[in-house]
Amino acid sequence: MKLYEYEAKEIFLEHGIPVPEFRVVSTPEEALKAAEEIKGRVVVKAQVLVAGRGKAGGVKLADTPEEAYRYAKQMLGSEIKGEKVNKVMVTKAVDIARELYLSIIIDRSMGQPVILSSPEGGVDIEELARTRPERILKIPVDPLIGLREYSAREAARFLELGEQSKQAQDIVSRLYEVFLKYDCELAEINPLALSTDGKLYAVDAKIIVDDNALYRQQELSGDYLRDLSYYEAEAKKLNFSYVELDGNIGILCNGAGLTMATMDTVYVMGGKPANFLDIGGGARAELVEKALSLLLQHPKTEIIFINILGGITRCDEVARGIVEALKKNPVKKKLVVRLKGTNEEEGRKILEENGIYVFEFMDEAARKAVELGAKT
Amino acid sequence: MKLYEYEAKEIFLEHGIPVPEFRVVSTPEEALKAAEEIKGRVVVKAQVLVAGRGKAGGVKLADTPEEAYRYAKQMLGSEIKGEKVNKVMVTKAVDIARELYLSIIIDRSMGQPVILSSPEGGVDIEELARTRPERILKIPVDPLIGLREYSAREAARFLELGEQSKQAQDIVSRLYEVFLKYDCELAEINPLALSTDGKLYAVDAKIIVDDNALYRQQELSGDYLRDLSYYEAEAKKLNFSYVELDGNIGILCNGAGLTMATMDTVYVMGGKPANFLDIGGGARAELVEKALSLLLQHPKTEIIFINILGGITRCDEVARGIVEALKKNPVKKKLVVRLKGTNEEEGRKILEENGIYVFEFMDEAARKAVELGAKT
Amino acid sequence: MTILVNSNTRVLVQGITGREGAFHTKAMKEYGTKIVAGVTPGKGGSTVEGVPVYDSVGEAVRKHPEINASIIFVPARFAADAVYEAIDAGIELIVVITEGIPVHETMKFVKYAKMNGVTIIGPNCPGVISPAECKLGIMPGHVFSKGRVGIISRSGTLTYEIAYAMTRAGIGQSTSIGIGGDPIPGTSFIEALELFRDDVDTDAVVLIGEIGGDMEERAAKYVVETGYEKPVVAYVAGRTAPPGKRMGHAGAIISMGVGDAQSKINAFREANIEVAELPSQIPEILRKVLKNK
Amino acid sequence: MTILVNSNTRVLVQGITGREGAFHTKAMKEYGTKIVAGVTPGKGGSTVEGVPVYDSVGEAVRKHPEINASIIFVPARFAADAVYEAIDAGIELIVVITEGIPVHETMKFVKYAKMNGVTIIGPNCPGVISPAECKLGIMPGHVFSKGRVGIISRSGTLTYEIAYAMTRAGIGQSTSIGIGGDPIPGTSFIEALELFRDDVDTDAVVLIGEIGGDMEERAAKYVVETGYEKPVVAYVAGRTAPPGKRMGHAGAIISMGVGDAQSKINAFREANIEVAELPSQIPEILRKVLKNK
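Residues numbered from 1 in each chain as written. Chains lettered and ligands numbered in written order. Predicted model: local features only at pLDDT ≥ 70, side-chain atom pairs only at ≥ 80, totals over all residues. Heavy atoms only, no water.

1. Here we look at the overall build of chain C
This is how the line gets drawn: Secondary structure elements follow DSSP: runs of H or I of four or more residues count as helices, runs of E of two or more count as strands, with numbering from the N terminus. What the globule rule says is 2.2 Å times the number of residues to the power 0.38, and the radius of gyration is computed from C-alpha atoms. Three labels apply to residues, based on accessible area from a 1.4 Å probe with only protein chains included: buried if under 20% of the type maximum, exposed if over 50%, partly exposed otherwise in between. The criterion used for residue contact is that any of the two residues' heavy atoms lie within 4.5 Å. Reported accessibility uses the Shrake-Rupley method at a 1.4 Å probe radius. Residues are deemed covered only where the shown protein chains occlude them. Charge assignment: positive for Lys and Arg, negative for Asp and Glu; neither His nor the chain ends contribute. Here the site of a charge means atom NZ of a Lys, CZ of an Arg, CG of an Asp or CD of a Glu.
What chain C contains, in helices and strands, is nine helices and 14 strands. Relative to the 2.2 N^0.38 estimate, which gives 19 Å for 293 residues, the radius of gyration of chain C is 18 Å and therefore close to what a compact globule would have. By principal-axis analysis of the C-alpha atoms, chain C measures approximately 55 × 40 × 30 Å. Counting the 293 residues in chain C, one finds 65% classified as buried. Counted over contacts in chain C with a minimum sequence separation of 6, partners at least 24 positions apart contribute 73%. Of the roughly 9800 Å² of accessible surface on chain C, 50% is carried by carbon and sulfur atoms. Across chain C, the 30 positively charged side chains and the 32 negatively charged ones have centroids separated by 3 Å.

Structure, rendered in structure tokens:
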């Protein structure tokens, strides 16, 4: 789960990482008041989770409170890359002398946390990693030992600071605390700004929390459905893995790998998948019904391709769920069903009794779905 | 550093380990009041650091507040095994159904913490370890991983409890927290009592904190000289290692091993060492003077055997310190000096100019000291 | 010989009294796997499918010193503890079926296992099967058949799909390992490839990858750098997955510019590993590479 | 060959700019030890006794890849961090001179070092010396002389006393290891005995023990159980030490009924290891056992 900038900054503040003074507001009037309180130039920042809000007009420098009011008014209620802006942050504008980069991630290939430190912040770190990797220092941290002081010192030294090096070391240690405490996949400060009066500030803040750890991050997980679309949120409530895509062929499978492979097969054959929907292992009829209902109701989905390989999942349960969903949803959408594995015969019988043809092989079923999808 | 029972129990309380209600008092009147407040039968316990206070009359069961008053009056100001009683604890008497044992120690041979659990508490655990080791379960804890839930569960299960097993598991986890937080060498509950109404209580509590970690245990280290005699405290202030013994031959050396070996040599030759005093490596004249002054002033010390093997320690500095100490302390005590190593010649010269003979070998010097010691 | 599991594998089931644990204990026994004991704290003394249940792994191992593998079905919150318990009891192979373990936990116990010379398969995996010898997992046994091709996969059902296609085509498997869909697997592609390299009963290996991380790229590099002697065939799922979205598995996500399918496919092709466009093509590619050998 | 250190040892001094660090850098250099670099954070770019100083161990090792040993003089509060830094930089031998490190820290870095195949000598130790080749420690070099007897000791000055007696008697040393006076040493008696066992240039070993713990008892058991081929001679300090009192060293304490001198002396004698009554007797006992050999 991604945190909003303001949430990440609140956590930073709590853990002693310096952040420019800020307020989070939901009306232009509040923005005006906040700017007046903060004094001087402020930055108005749309609180959205999508990347690249800066280029999309979601970050504006305001010289006066009135200007802050205007920007807030523009942003609030608007959409940035499809995401509605409900809150903006009004924050003191820092006179920046240099922009630095600091983050802690879980490095999958090393299987452990890694500190990334660069004297060149404010830029796209992925881009920097491609073009000038020598400007990024990577320091692995043994998860059984935790962050060592010397590692924090090394990370800080690489930022090419003078007297602020000690403070930067302290920020690294505190960032690691945050990383551990909130089960982070990523805790990032980009840029970490050195102000013209020689102070360090986390000017932006990004935290991604491991979804698997939300059960022990109760204070955060209250509204973890917030960054999801309606259908995504509905699917999540039902414990499905669901991702929306651009095409018109809905995909419903069991198992993440098979679901992706089914999407890919449809694509290779010339079709466009409308979603990824993995009902997981061992789903009962009721759950299948709910999953299929979701796709039946989804406006963009025209064809639905159900591809089930029964292991723990029983084909008869799937068949019953399909029949049930079709009864409940009077919408007329074309279904392509492939069923294979446990209780296959029974499942096939149930579906055929309800006039649904059952494919044996994935390829021929995919071909059929693509053919139907092209016609609509 | 050993903690008093009441200090350990305060820590237990803070960490959610159940302890029978108690008060710590320094007058009989307060003891009376405490017993009245607690109600019912109470136990009056002398707060001393020496072991075996129970057999020495330092633990008494009082049926009435008046009785508590009497016992407190007896104990306060008295000495238990040479240690003065300044405080007593008045604590609710638990009706004990069973006594259990639980501790966490640092196991030197394994180089890691070990949980010790036994269904037979209230006894001398060393005795139990000798006679029926199968009644003690030892569970090692990897210091890089920390206590695992399953280990706490195993430790609890070995206590042969019924429904309280879950609570015992919780106590193990909390005891481990205490062990870590206070840099303990030992954190012990003996007995852990199961009351007749089915509750668990830490009826006694023992914590030994690693002296090397006192710098980061500020809240504890305020009066860490408290369990020392006057001379021990003086030595500690000067950063010497000093231990008082029963004999009449004072020992002053550099290095713990050499000091012990010097004591042993005196003993093998028929003498009795009065102390262990290790001035450490690289001591300057001033420090040597202070160390020797301490022994010169000590009433039980009759002969002083100085055995220095100069490495980092310079013999001339030692010699100067000796001469200085003799000037400052008009007490007439016989000195035997053996000097060897760095700047040996210079040291010898200084001493001989002041009428002090210098031995070359440890054995002959020890023999001389023993000879002199026997005469006094 | 096969790898990891065979007819000498003696299994402990951790979390045996749970719904999943009990169900798969039955299924594994039916397949012929030697399940000798189970563990559920507080349920010691009972039995599940005729298998004796103990309160702790230590107790189970003392009573059944022949145990050399464990399979873990305990819920995510308690799974890490179960893994430590198995490692500390000296079990050398641990299959972690459990899905949803926080990655901060996984990275610690994976490291601890390596320190102790223990092999972990998973977490969030279907397990490992050496057809006709031992099924230590939740896969449907009937889609596999005994043979001489190894499978290493990040996925469950997709593996069954491909194994089934192989079986129908008469190409059996030596061992099939589901390494799991989490970001940090206990056993990686490279480690599994190493095991198959040394297995005299494996002639070729099928790698089933997916988006997320760079394990496929590293495996490709490993194949090139070590001059891997056995033919390797690959499939990569997720060509149509958008960046930044988790595709079911916790580990299946393209993030910070790393982990898209094309990069993996390219890496395989550069390593002269043939990549199937469709899962159904694996058998014919296998037939071809095995013939050329 | 000698063990641990020899003329090929290339040394890094951690905490080189401190009083102790600078003093002993000079002394070690004078003895002939090859000191190639030093580290003190924030002091990079300076020199001590002609030795270049760096800000970090990583930097020192990159500039001087020949470094294969480190000696640590940093204060107790920062010493554990210095040890991790050296381990992570790949240095295979680390001597920790520092006294006063909390035992909770020591047990962690000792474990971490073992995990990483790194040898730690100390903490709270005088270091290790192979006379005429390399002195990696704070011992006075002149009391030692080159020869064929190994010394393993928990103490400093007592070792010098015994080494000096040996030297005077014409019995030189292959290597003398001060394992340190803390409760948990990085290298134990047994580990040091193993090293001497495999050293062709060592004919006999002197063990200098003291009260506290049961390392002597375990070493005696090890000698018996492995049929240790080289004669071992012992001395145990602390026969007159009272229980429950720390005798200078953090590890020299008889506690919970464990660690008295008599138990150690008995264990040695049962293992047919001759125990000297006085330190001065070591040379004659050595002469006897070497002749019988």
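What follows picks up the thread again.
2. Some details on the overall build of chain A
Looking only at helices and strands, chain A features 13 helices and 18 strands. Each principal axis of the C-alpha atoms in chain A carries an extent, and together these give about 80 × 50 × 40 Å. Expressed as a percentage of the 376 residues in chain A, the buried residues total 58%. Restricting to contacts in chain A with at least 6 residues of sequence separation, those with at least 24 account for 68%.

3. Examining the sheet that holds strand 11 (residues 173-178) of chain D
Residue and element names in this part refer to chain D. Inclusion rule: In this analysis, strands are considered paired if DSSP registers two or more bridges between them. The convention used is that axes are lines fitted to C-alpha atoms, helices contributing only their stretch in contact, and that angles between N-to-C directions extend from 0 to 180 degrees.
Pairing is mixed in the open sheet, where seven strands are placed in the order 9-8-11-10-12-13-14. The open sheet is flanked by strand 9 (134-137) and strand 14 (274-275), the only strands paired with a single partner. Of the strands in this sheet, strand 10 (146-153), strand 11, strand 12 (204-210) and strand 13 (232-237) are in contact with helix 5 (residues 157-168), which crosses strand 10 at around 155 degrees. Here helix 9 (residues 282-292) sits on the sheet in contact with strand 10, strand 12, strand 13 and strand 14, set at roughly 160 degrees to strand 13.

4. Focus on the domain arrangement of chain A
Keep this limit in mind: Here the limits of each domain have been adopted from an automatic or database domain assignment.
In terms of domains, chain A is made up of domain 1 (21-92), domain 2 (96-215) and domain 3 (229-375). A straight line from the C-alpha centre of domain 2 of chain A to that of domain 3 of chain A covers 43 Å.

5. Re the environment of E352(B)
Residue and element names in this part refer to chain B. Following the sequence through the fold, E352 ends up in helix 12 (residues 344-353). With a relative accessible area of 41%, E352 lands in the partly exposed category. In this structure the C-alpha to C-alpha distance between E352 and G311, which are 41 residues apart in sequence, comes to 21 Å.

6. Focus on the nonpolar core
Considering soluble globular proteins, one finds that nonpolar side chains tend to be buried as a cluster. How we decide: Buried Ala, Val, Leu, Ile, Met, Phe, Trp, Tyr and Cys residues form a nonpolar core when they are joined through side-chain atoms within 4.5 Å.
Within the largest apolar cluster, 160 residues are counted, with the highest numbers of intra-cluster contacts made by F12(A), I189(A), I207(A), F12(B), I189(B) and I207(B). Not counting residues up to four positions away in its chain, the partners in contact with F12(B) are I17(B), V19(B), L175(B), V178(B), E188(B), I189(B), A202(B), A205(B) and I207(B).

7. Some remarks on the sheet that holds strand 6 (residues 88-92) of chain A
Residues and elements named next belong to chain A. Within the open sheet, the four strands sit side by side as 1-6-2-3. Their pairing is antiparallel. In the strand order of this sheet, the two ends are held by strand 1 (22-25) and strand 3 (59-62), each with one partner. The average undirected angle you get between the axes of adjacent strands in this sheet is 20 degrees. In this sheet, strand 6 lies alongside strand 1 in antiparallel orientation, the contact comprising four bridges. Looking at strand 6, one finds that V25 is bridged to V88. With respect to the sheet, helix 1 (residues 5-14) is in contact with strand 1, strand 2 (42-46) and strand 6, its orientation differing from that of strand 1 by roughly 145 degrees.

8. Digging into the domain arrangement of chain C
All names here are of chain C. To keep it simple, the criterion reads: Two parts placed together each lose some accessible area under a 1.4 Å probe, and adding up what both lose gives the buried area. Each salt bridge in this description consists of a side-chain nitrogen of Lys or Arg and a carboxyl oxygen of Asp or Glu lying within 4 Å of one another. The term polar contact refers here to a pair of N or O atoms within 3.5 Å; inside protein, the definition further demands a hydrogen-donor-capable atom paired with an acceptor-capable atom, and it admits residues adjacent in sequence only when both atoms are side-chain atoms.
What the domain assignment lists for chain C is domain 1 (10-121) and domain 2 (139-291). Computed from C-alpha atoms alone, the centre-to-centre distance between domain 1 and domain 2 is 26 Å. On the domain 2 side, the residues contacting the 11 residues of domain 1 number 12 residues. Note on domain 1 versus domain 2: buried area summed over both sides is about 840 Å², and carbon and sulfur give 59% of it. Across the contact surface, domain 1 and domain 2 share one salt bridge. Between K114 and E191 there is a salt bridge, with its nearest N and O atoms 3.5 Å apart. Across the domain 1-domain 2 interface, the total number found is three residue pairs in polar contact (both at pLDDT 80 or more). Contributions of two or more residues to the side of domain 1 that touches domain 2 are made by helix 4 (103-115) and strand 7 (119-121). Considering every element that reaches the side of domain 1 that touches domain 2, the biggest residue donor is helix 4, with five residues.

9. Thoughts on the interface of chain D and chain B
In this complex, chain D contributes 56 residues to the contact, which on the side of chain B involves 53 residues. Summing the contributions of chain D and of chain B, the shared interface buries around 4500 Å²; its carbon and sulfur component is 63%. Of all residues in chain D, H104(D), T240(D) and M256(D) give up the largest surface area on contact with chain B, accounting jointly for 15% of the area buried on that side. Note that K245(D) is salt-bridged to E232(B), the shortest N-O span being 3.4 Å.

10. Considering the packing of helix 6 (residues 189-197) of chain C against helix 7 (residues 215-226) of chain C
Residue and element names in this part refer to chain C. For clarity, the threshold we go by: Residue type decides the class: Asp, Glu, Lys and Arg count as charged, Ala, Val, Leu, Ile, Met, Phe, Trp, Tyr, Cys and Pro as nonpolar, and the leftover types, Gly among them, as polar.
Between helix 6 and helix 7, the least distance of the axes is 9 Å, while the angle of their chain directions is 35 degrees. Between helix 6 and helix 7, the contacting residues are F189, I190, L193, E194 and R197 on the first element and M215, E216, R218, A219, Y222 and V223 on the second. Of the residues assigned to the contact of helix 6 with helix 7, the class counts are seven nonpolar, no polar and four charged.

11. Looking at the interface of chain A and chain C
How big an interface is tends to be stated in terms of accessible area lost as the parts join. Chain A puts 52 residues into the contact, and the matching count from chain C is 56 residues. Where chain A abuts chain C, roughly 4500 Å² becomes buried across the two surfaces, and 63% of that area is made up of carbon and sulfur atoms. For E105(C), the salt bridge goes to R216(A), with nearest N and O atoms at 2.8 Å. Put simply, chain A and chain C have 15 residue pairs in polar contact (both at pLDDT 80 or more) between them. If you tally residues by element for the side of chain A that touches chain C, the top one is helix 9 (residues 256-268) of chain A, at 10 residues.

12. A short note on helix 10 (residues 285-297) of chain B
Under the convention used in this document: Each residue after the first adds 1.5 Å to the expected span of a helix.
The first and last C-alpha atoms of helix 10 of chain B sit 18 Å apart over 13 residues, in line with the 18 Å expected at 1.5 Å per residue. Within helix 10 of chain B, the full set of buried residues consists of A285(B), V288(B), E289(B), A291(B), L292(B), S293(B), L294(B), L295(B) and L296(B).

13. Let's talk about the pattern of salt bridges
Oppositely charged side chains can form a pair if their charged atoms are brought close together. Counted by the stated rule, this structure contains 94 salt bridges over all chains. Between E161(D) and R338(B) there is a salt bridge, with the nearest N and O atoms lying 2.5 Å from each other. Here the residue E161(D) occupies a position in helix 5, and R338(B) occupies one in strand 17 (residues 334-341), the pair thus bridging two chains. The exposure class assigned to R338(B) is buried, which follows from its relative accessible area of 0%. As a salt-bridge pair, R148(D) and D201(D) come within 3.4 Å of each other at their nearest N and O atoms. Separated by 53 residues along the polypeptide, R148(D) in strand 10 and D201(D) in the loop between helix 6 (189-197) and strand 12 bring together distant segments of the chain. Looking at D201(D), the relative accessible area reads 26%, which means it is partly exposed. By sharing partners, the salt bridges in this structure join E5(A), K9(A), K45(A), R53(A) and D204(A) into a single network.

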